[in-house]
Amino acid sequence: MILIDGGIVYKSHINHLFYDTYEDPRDVTTSGGNLMLKSYIFLTELLQPGRNFNLWFSEQMHQKYPVLLPREVADSLPFSTAELPKILALFAVDPSSDAAYEIKRTLHRCEMPPIKGEIKHCATSLESMIDFVTSTLGTHDVSAVTTTTPSSKEGATVGQYTITAVQEIDGPNHVSCHLGTYAHALFQCHKLDGTKAYKVAVVEKEGTKSEMVAICHADTAAWSPTHIFFQVTKVKPGTVPICHFIPKEHILWSPNKQNYMSSS
């Protein structure tokens, strides 16, 4: 993501790849966060108690993230590719900078039509996110979960984990909201057909317990074959389910219903 605070710009390389289903191939070859991103992607057989895996971290995972703007503020700001010059001027972003490029690409992603089986929305305020989530799930009785992996240790580069339990989250009826790359807090939310979500209890090698959220996509036939998910797993679109953990600043919403736990 990009934070603009006193002229300092911070960027994460991985967030948008959890939202995009047809990504520019350049993103998977030039991203400095490739090692970290690849460690988040896996096939369904990993989701079993007793399985071990590694997660890579970056210094950007230790930074503070912004809060969403109030709706009245967010709605008063320009938000479209047609208004890009006005947006860059408003946030004092150099039009030739990497930050400007990322802002433009985020706007483009938000304006792209959904693929088959997808409902999507870019939320620039908490109210906007809640409205989308509740209308999409058809209920106001919802809960939110996110990954709580203990990656806050300064200087950490890799964590070694063992899965202790797996809990499905209400079948396919959920909305995932991914923190976007923009000049202020923005979440790219969507609901995709053919997906399942799970809470995954893990224990770190040193004994620290935490919980991760995993999403598995069974229907990837409409996705770009150059997407990094297929490069990492070595499978083709539409063949087998592909899963990924969501980073700690992303959110998964679901109706409040009975879940089921399998544990060792």
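Our structure is the block above this text.
Report on the accompanying structure.

Quick notes on the rules
Residues numbered from 1 in each chain as written. Predicted model: local features only at pLDDT ≥ 70, side-chain atom pairs only at ≥ 80, totals over all residues. Heavy atoms only, no water. Salt bridge = Lys/Arg side-chain N within 4 Å of Asp/Glu carboxyl O. Helix = DSSP H or I, 4+ residues; strand = E, 2+ residues; numbered from the N terminus. Buried < 20%, exposed > 50% of the residue type's maximum accessible area, 1.4 Å probe, protein only. Disulfide = S-S within 2.5 Å. Expected span 1.5 Å × (residues − 1).

Right, let's talk about the pattern of salt bridges for a bit. Under the defined criterion, the tally for this structure stands at two salt bridges. Here Asp-131 ties to Arg-71 by a salt bridge, and the two come within 2.4 Å at their closest N and O atoms. Residue Asp-131 is located in helix α6 (residues 126-137), and its partner Arg-71 is located in helix α3 (residues 71-74); the two are separated by 60 residues in the primary sequence. Residue Asp-131 is classed as partly exposed on the basis of its relative accessible area, which comes to 42%. Note on Arg-71: relative accessible area 29%, which makes it partly exposed. Of the charged contacts, one joins Glu-102 and Arg-105 as a salt bridge, the two residues approaching to 4.0 Å between their closest N and O atoms. Residue Glu-102 and its partner Arg-105 are both found in helix α5 (residues 98-111); the two are separated by three residues, about one turn of the helix. Grouping residues by exposure puts Glu-102 and Arg-105 together as buried.

What follows is about the state of the cysteines. All told, the structure shown has three disulfides when counted by the stated rule. Here Cys-110 engages in a disulfide with Cys-122; their sulfurs sit 2.0 Å apart. On the S-S bond that ties Cys-110 to Cys-122, the torsion sits near -90°, and the link is left-handed. Of this pair, Cys-110 sits in helix α5 while Cys-122 sits in strand β5 (residues 118-123), placing them twelve residues apart in sequence.

The next subject is α5. Here α5 is 14 residues long and its end C-alpha atoms lie 20 Å apart, about the 20 Å a rise of 1.5 Å per residue gives. Within the sequence span of α5, burial applies to Ala-99, Ala-100, Glu-102, Ile-103, Arg-105, Thr-106, Leu-107, Arg-109 and Cys-110.

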